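Observations on the model geometry
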Amino acid sequence: MIRQVFTASPDDTIGDVLNHLSRHRVSSMPVVDDNNIYQGMIGLTVILNHLLPVAVRIDESGLDNLEFVHNTSDAVRSALNKMVNEPVSDHMDGKQRTVHPNTPTWEAIRVLVKHGRTIPVVDKETHELKGILSRQCILSHLKDNFDFHEPAENDE
Amino acid sequence: MNVSHGNASDFTPNVIFGGDPLIVATAILCFAYIFIITEKINRAIIALLGAGLMVLTGVLNQEAAIRGVDFNTLALLAGMMGIVAITKRSGIFQYVAVLSAKLVKGNPRALLVVLPLITAVFSALLDNVTTVMLIVPITLLLCEQLKLRAYPYLVAQIFASNIGGMATLIGDPPNILIGSAVNLSFMDFVYNIGPASVILFILTTIFFDVVWGRKLETTDKARSHLQNYNEKEAIKDVPLLIKSLFTLGLVLFGFTVGHHYGVQPGTSALFGAAFLLLLDNIGYSAEDQAHRVQDALSEIEWETIFFFLGLFILVYGVEVAGLLDILATELLAFTEGDLQMTGMVIIWVSAVASAIVDNIPFVATMIPLIESMAPTFGGEAGLMPLWWCLSLGACLGGNGSLIGASANVMVASYAERAGQRISFIKFLKLGFPLMLATVAIASVYAWFMFLT
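Residues numbered from 1 in each chain as written. Chains lettered and ligands numbered in written order. Predicted model: local features only at pLDDT ≥ 70, side-chain atom pairs only at ≥ 80, totals over all residues. Heavy atoms only, no water.

Once that is clear, we can look at the overall build of chain B. Helix and strand counts for chain B stand at 22 helices and zero strands. Radius of gyration (C-alpha) of chain B: 22 Å, near the 22 Å computed for a compact globule of 452 residues. Across its three principal directions, the C-alpha atoms of chain B cover 75 × 55 × 45 Å. A buried classification covers 58% of the 452 residues belonging to chain B. Contacts spanning at least 24 positions in sequence make up 82% of the contacts within chain B whose residues lie at least 6 apart. With an accessible surface of roughly 18,000 Å², chain B has 68% of that area assigned to carbon and sulfur atoms. Computed over 22 positive and 31 negative side-chain charges, the inter-centroid distance for chain B is 18 Å. (Helix = DSSP H or I, 4+ residues; strand = E, 2+ residues; numbered from the N terminus. Rg over C-alpha atoms; globule rule 2.2 N^0.38 Å. Buried < 20%, exposed > 50% of the residue type's maximum accessible area, 1.4 Å probe, protein only. Contact = heavy atoms within 4.5 Å. Areas by Shrake-Rupley, 256 points an atom, 1.4 Å probe, with all protein chains shown as cover. Lys, Arg positive; Asp, Glu negative; His and termini not counted. Charge placed at Lys NZ, Arg CZ, Asp CG, Glu CD.)

In C-alpha cells:
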C-alpha cells in the first residue's frame with residue numbers, strides 16, 4: 001500500500017486534477033473531504049470518457065464504434081473546455097471498489113485484476129483514506145516474499 | 001383457429017378451501033394488473049408470482065398452466081432477439097443511419113423524415129425495442145454533431161416504431177400475440193394493416209414537419225462535418241454482415257412462405273437464430289464457442305420472455321375460471337352483437353387502454369375474450385375484422401403516453417441518460433391527441449376495409 005498519496009477535494013476543478021495527473025504521471029487519485037474521509041476516485045478513465053459523444057456514454061448498448069466519424073479534434077477540444085471548470089464532485093466515481101488495511105492478499109489481487117489499476121485503501125469503520133493499492137504494490141509485496149529466480153517449493 | 005392455447009373447458013378448477021375459481025382468479029389478475037400499472041415492482045416478477053398463485057390456489061394445475069403458454073410467441077421473440085444480438089455487432093444499423101444522413105446532406109428537416117423512416121422499416125422487420133436501442137444512439141450522435149435538439153427526432157422515432165411495427169406479424173408485440181393465437185401469416189398483416197401503417201406514417205411525418213421540421217436549423221460547418229463521415233467504416237465485420245443478412249432473409253422467407261406449410265413463425269425465428277449461431281461459431285474452439293453462444297443468448301431480453309410466460313398463465317387462469325366469457329357477453333350485450341359497433345369499441349378501448357397500461361397484458365387478455373365471441377359472429381372466420389381492430393388500436397394506442405409501449409420507455413430512458421429528458425406530461429400533451437387522431441384515421445380505415 002502507498003501511504004503518501006496525492007488527493008483531490010470534491011471542490012477542486014477537473015482542470016486542477018488534469019494538471020496534477022499530468023505533473024505526477026499518475027492516472028487517478030482518491031477524492032477526500034476536509035477530514036480525509038474517502039469520497040470517490042477521479043481519474044483519466046472517467047475524464048476521457050466525458051470527452052466522448054453522449055451516444056457512446058449512455059450505457060453498454062451505446063455506440064461501440066466511432067471509426068466512421070472523422071475530424072473530431074474540435075469536438076474533443078470543446079468537450080474539454082466545458083469540463084475543465086467543473087468540480088470534481090460532478091465527475092468522481094463514488095462506486096469504485098475499495099479495500100481495507102486488513103484485506104487478504106488474494107482478495108487484494110482479485111480486486112486489482114477485476115476492478116482497476118488503482119484501488120483506494122479505506123478504513124472499514126471510519127471510511128478514512130489510508131492509502132492506495134496499485135499493481136506495483138503487489139509486485140513489491142511478492143518480491144519481498146518470494147525469490148522470482150528460485151522455483152517455489154512444492155507444497156505436496 | 002387457436003393454435004397454442006388449450007381448450008379452456010378441458011380443465012376443471014379445484015380451488016383451495018372450496019373457493020369460487022372465478023373470484024380467486026379475478027382477484028389474482030386484478031392485483032397483478034394493479035402492480036403492473038403502478039410499476040413499483042418489476043412486471044416479470046408480478047406476472048410469474050401471479051401465474052404461480054393461479055396454480056397454487058388450484059385455479060389451474062401445472063399441466064393446465066403449461067397449456068396456457070403460447071410457446072410460438074416465446075420462440076418468435078427469443079429467436080428474433082438472438083438474431084439481432086448477433087447482427088448488430090456487424091454495424092449495419094449505424095451504416096444505414098449514417099448513409100441516410102449523408103444522402104440528405106445533414107439537412108435537419110430531411111433528417112426528421114429519414115431517421116423515423118429507418119426506424120419504421122426496421123421496426124416492421126424486427127422487434128420495436130431492439131430497433132430503438134439500435135437507432136437512438138446513432139440519432140444522438142448525429143444530433144450532437146449537428147448541434148440539434150434530439151427531442152423532436154426521438155419523439156418522431158417513438159411514433160415511427162409503433163406505426164412501423166404495426167405493419168407486420170413480428171413488428172409489434174400485440175401483433176405477435178394476435179398472429180400466434182389466430183394463426184395469421186406475416187403477409188396477412190402486411191396486406192391488411194400495412195396500408196394503414198404507410199398512410200399514418202406519412203401523416204405523422206407531415207405533422208412533425210409542421211411542428212418542428214421547418215424550424216430546425218444547423219450550421220453549414222456542422223453539415224460539412226457530417227459529410228466527412230465514412231459510413232463504410234461503420235461496418236465492423238463484413239463476413240458477419242453477410243451471414244446475418246442471409247439469415248434474416250431466410251427467416252423473413254420462412255415467415256412469408258412457412259405459413260402455407262404449417263411452419264409457425266416461432267420455428268422460423270428460433271431456427272434462424274440457431275443457424276446464425278452456427279455460422280458465427282464455425283472454426284472456433286469448444287471453449288470459445290461456449291463463451292460466444294453464452295454472450296449472444298444473454299442478450300435476449302429474458303425479463304420480457306418471462307413476463308410473457310407469466311402473463312399467459314395469468315390470462316389462462318381467468319379464461320378457465322370463466323371471467324373472459326362473462327366480459328365478452330357483457331361487451332356483446334353493450335354492442336348488441338353488431339360487428340361494426342363491436343369493432344369500433346375494440347379499436348377505441350384498445351387504444352386508450354394501451355396508452356395507459358402496457359399493451360401486452362391488455363392484448364393477451366383481449367385475445368381469449370374476442371375468441372369467445374365466435375358464435376355471435378358466425379364462427380372464427382367472422383372474427384377477422386375484430387382482430388385487425390385489436391391490432392390497430394393496441395399498436396397505435398402505444399403512442400398515447402411515454403409508458404404506452406416498451407419502445408417508448410426505452411427511448412425515454414436513453415434520452416434521460418443523454419441529458420435530453422422527455423417529460424411524461426410534455427409527451428402526453430402532444431402524444432395523446434396525436435394518438436387519438438391516428439386512431440380516428442385507423443377507425444375510418446377499419447370501417448371501410450373490414451367492417452363494411
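Read on for the rest.
You will see that His-127 of chain A, though not glycine, has its phi angle at about 65 degrees, which is positive. The residue His-127 of chain A is located in the loop between strand E3 (118-122) and strand E4 (129-134) in this model. Judged by relative accessible area, His-127 of chain A falls into the partly exposed class, the value being 45%. Phi at Asn-183 of chain B takes a positive value of approximately 60 degrees, unusual for a residue other than glycine. Within the fold, Asn-183 of chain B resides in the loop between helix H9 (173-182) and helix H10 (186-192).

Opposite the 20 residues of chain B that make contact, chain A presents 18 residues. Together, the buried faces of chain B and chain A total about 1,800 Å²; carbon and sulfur atoms form 59% of this surface. The largest contributions to the chain B side of the interface with chain A come from Leu-141, Glu-233 and Arg-417 of chain B, which together make up 25% of the buried area. Here chain B is connected to chain A by two salt bridges. (Buried area = accessible area lost by both parts, 1.4 Å probe. Salt bridge = Lys/Arg side-chain N within 4 Å of Asp/Glu carboxyl O.)

With that out of the way, let us pick up the side chain of Ser-161 of chain B. Residues and elements named next belong to chain B. Relative to the elements of secondary structure, Ser-161 occurs in helix H8 (residues 151-165). Here Ser-161 falls in the buried class, since its relative accessible area comes to 0%. Setting aside its immediate chain neighbours within four residues, Ser-161 contacts Thr-119, Ser-123, Asn-128, Val-132 and Ala-407.

This brings us to a nonpolar patch on the surface. Taken together, the side chains of Val-198, Ile-199, Ile-202, Leu-203, Ile-206, Val-210 and Ile-441 of chain B define a hydrophobic patch exposed on the protein surface, amounting to about 570 Å² of accessible area. Within the element layout of this structure, Ile-206 of chain B appears in helix H11 (residues 194-211). (Patch = residues over 30% accessible without salt bridge, like charges linked within 9 Å, V, L, I, M, F, W, Y side chains within 5 Å.)

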